[in-house]
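Each chain, written out:
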Amino acid sequence: MKIAFLTSGGNAPCLNSSIGRLLSNFSNSDLNFSAIGYLNGFTGLLRGEFIELPLTLTANQADSFYIYGGSFIGNSRVKLTNIADCISKKLISPNEIPLEVAANQLIKDKVDILFTIGGDDTNTTARDLRNYINEKNIEITVVGIPKTIDNDIYPVKRSLGAYTAAYQGAKFFENIVNENFMGKRHLIVHEVMGRNSGWLTAYTAKQYYEISKNKKISIGSCFDSRKYDIHGIYVPERDVDITSEIERLSRLLEDIGCINLFVSEGAFLDQISQQNEERGQSFEKDAFGHVKLDSVNAAKWFSSTISKYIDFDRILIQKSGYFARSASPNEEELEYIFKVCDFAYESAIKGKSGVSGIDERHDELQCIDFNDIKGDKGLDVKSDWFLELIDSVES
């Protein structure tokens, strides 16, 4: 039996750990197997570039997979049904079909099981590959591992890496917030990753408050603890009356002397896009048709907008995204990764294709049909935890 791995999309605190746990499952079994990792996701699959992975793991080798963030085998963003993009990236020749090239490479490499570790784009691409394989009557099992720090894969209840990323983003802000004492009228804007979902922004804020509860302040009346509070949270799923918000933030600044804001990188996208269109500009998009958010700069746009009406002595914009998503998983996350990957292993050896995860429609760990996987599952702004969070921020 030959198994193969590929990791795709952005980094997340689960990629190496998922590979390590799956390898451990195979090495602890009675199966005769070999393992490879395609380099840089579907790019490596199309180019036939891979490395051999260890068949048995010592304790130190296993720990290495668990204590390092990111992916040893590398990622990329490639959509196998976007032929033009694959050609422009020189992944295939003009007369080739990416799905056919990928399937033939798996056949050439004698792969029996392919594990695709990634978000909705990765697993919908895996779906396209699995469907193509089925149509050609090729016997290869494809099992997806749902990772994304956005936690926005439908119908997956919890994506691997999301909770660790939220905690790391909170720890990032725990340090940054101390910059408030560098000015009398200070603005800090913490931009958090998240394309069309504000879950990571909101949960990072929630985690920050959980961390803050454990810190005791006993300096006396000369210290205003509100300087450490979050004063605004902005996510794509929640409309904001900017005029009213400017008035609220102005009052807070006069009272406290600083403002701390959490902004999802996908927030205000409609307003920013409209302004760009009026200027005859447009945003660059990736192979999946998503706006490349690095060029949007929601935090910069919002701070520039409100600073036209509010006088700040200093504006500090800080992005925690790469810091948070590149972390190794925390202990609780690692336990969850093990749970999902153990189930993925069982599904794989049974020859059952699909995405291993807790299906929120049934609240059970299942091998979810690839055809059910969708992206951009939004933050539930009516959930109790979010409403409680917003009330504590805006009251």
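Here the structure is shown first, and the text comes after it.
Residues numbered from 1 in each chain as written. Predicted model: local features only at pLDDT ≥ 70, side-chain atom pairs only at ≥ 80, totals over all residues. Heavy atoms only, no water.

The next thing to look at is the overall build of the protein. The number of helices and strands found in the protein is 14 helices and 11 strands. Against the globule reference of 21 Å for 395 residues, the protein gives a C-alpha radius of gyration of 23 Å, in line with a compact fold. Its C-alpha atoms give the protein principal-axis dimensions of about 70 × 50 × 35 Å. The buried share of the protein, taken over its 395 residues, is 55%. (Helix = DSSP H or I, 4+ residues; strand = E, 2+ residues; numbered from the N terminus. Rg over C-alpha atoms; globule rule 2.2 N^0.38 Å. Buried < 20%, exposed > 50% of the residue type's maximum accessible area, 1.4 Å probe, protein only.)

On to the nonpolar core, then. Counting residues in each nonpolar core, the largest one holds 64 residues, and the members touching the most others are F5, L23, F115 and I233. Element by element, the count of residues in this core is highest for helix α13 (residues 331-349), at 9 residues. For I233, the residues in contact, after removing those within four places along its chain, are T201, A205, R238, F262, L389, I390 and V393. Of all hydrophobic cores here, the second largest spans 32 residues; its members include L80, L106, I140 and V156. (Core = buried A, V, L, I, M, F, W, Y, C linked by side-chain atoms within 4.5 Å. Contact = heavy atoms within 4.5 Å.)

Now for the layout of surface pockets. Here the largest pocket is characterised by a volume of approximately 710 Å³. For the largest pocket, the lining is made up of 30 residues, of which G10, R77, R195, D286 and R325 are closest to its centre. Sorting the residues of the lining of the largest pocket by element identifies α6 (120-135) and α12 (321-325) as the ones contributing at least two each. Top contributing element to the lining of the largest pocket by residue count: α6, with 3 residues. Counted by class, the lining of the largest pocket contains 6 nonpolar, 10 polar and 14 charged residues. (1 Å grid on protein atoms, 1.4 Å probe; cavity = no way out; pocket = protein on both sides within 12 Å on 5 of 7 lines; lining within 4 Å. Points joined across faces, edges and corners; volume = space filled by probe spheres on them. Nonpolar A, V, L, I, M, F, W, Y, C, P; charged D, E, K, R; others polar.)

The subject of this paragraph is a negative patch on the surface. On the surface, D380, D384, E388 and D391 cluster together into a patch of negative charge. Summarising the element assignment, E388 is placed in helix α14 (residues 384-394). (Patch = residues over 30% accessible without salt bridge, like charges linked within 9 Å, V, L, I, M, F, W, Y side chains within 5 Å. Areas by Shrake-Rupley, 256 points an atom, 1.4 Å probe, with all protein chains shown as cover. Salt bridge = Lys/Arg side-chain N within 4 Å of Asp/Glu carboxyl O. Lys, Arg positive; Asp, Glu negative; His and termini not counted. Charge placed at Lys NZ, Arg CZ, Asp CG, Glu CD.)

This next bit is on the packing of helix α9 (residues 242-256) against helix α11 (residues 298-306). Axis separation between α9 and α11 bottoms out at 11 Å; the angle between their running directions is 70 degrees. On the basis of the axis angle, α9 is roughly perpendicular to α11. Residues I242, E245, I246 and L249 of α9 pack against W301, F302, T305 and I306 of α11. In the contact of α9 with α11, the residues fall into 6 nonpolar, 1 polar and 1 charged. (Axes fitted to C-alpha atoms, helices over the stretch in contact; angles between N-to-C directions. Parallel < 35°, antiparallel > 145°, perpendicular 65-115°, else oblique.)

Another point: the pairing of strand β8 (residues 258-264). In terms of burial, β8 is largely enclosed, as 7 of its 7 residues are buried. Here β8 shows two buried faces, one formed by C258, N260, F262 and S264 and the other by I259, L261 and V263. Viewed along the sheet, the connection from strand β7 (residues 232-234) through α9 into β8 turns out right-handed. (Right-handed = clockwise from strand over helix to strand, strands pointing away.)

Scanning the entire structure with this criterion turns up 22 aromatic pairs. Consider the rings of F5 and F115, whose centres lie 5.3 Å apart with planes at 20 degrees: the pair is stacked. Residue F5 is located in strand β1 (residues 2-7), and its partner F115 is located in strand β4 (residues 113-118); the two are separated by 110 residues in the primary sequence. For the pair shown, F5 and F115 are each scored as buried. The interplanar angle of 80 degrees and the centroid separation of 5.3 Å between the aromatic rings of Y203 and W385 together place this pair among those described as edge-to-face. Within this pair, whereas Y203 is found in helix α8 (residues 199-213), its partner W385 is found in helix α14, the two being separated by 182 residues in sequence. On the accessibility criterion, Y203 (12% relative accessible area) is buried. (Phe/Tyr/Trp six-rings, centres within 6.5 Å; stacked < 30°, edge-to-face > 60°.)

As summarised here, the arrangement of the 4 strands in space is β7-β8-β6-β9, forming an open sheet in which the pairing is parallel. Each edge of the open sheet carries a strand with a single partner, namely β7 and β9 (314-319). Direction aside, the axes of adjacent strands within the sheet are offset by 15 degrees on average. The pairing of strand β6 (residues 186-192) with β8 spans 7 bridges and is classified as parallel. Across the sheet, the residue bridging to H190 is F262, located in β8. (Pairing = 2+ DSSP bridges.)

Extensive coverage of strand β10 (residues 354-359) is indicated by the burial of 6 of its 6 residues. Pairing of β10 with strand β11 (residues 364-368), which is carried by 5 bridges, proceeds in the antiparallel orientation. Residue pairing for β11: V355 is matched across the bridge by I368. In this structure, the hairpin formed by β10 and β11 is closed by a connection of 4 residues, where D363 is found at a positive phi of approximately 55 degrees.

Taken as a whole and assessed by the stated rule, the structure comprises 21 salt bridges. In this structure, E333 engages R158 in a salt bridge whose closest nitrogen and oxygen atoms are separated by 3.5 Å. Placement of the pair is E333 in helix α13 and R158 in the loop between β5 (141-146) and α7 (162-176), with a sequence separation of 175 residues. Each member of the pair, E333 as well as R158, is classed as buried. Note that K319 and E191 form a salt bridge whose closest N and O atoms lie 3.6 Å from each other.

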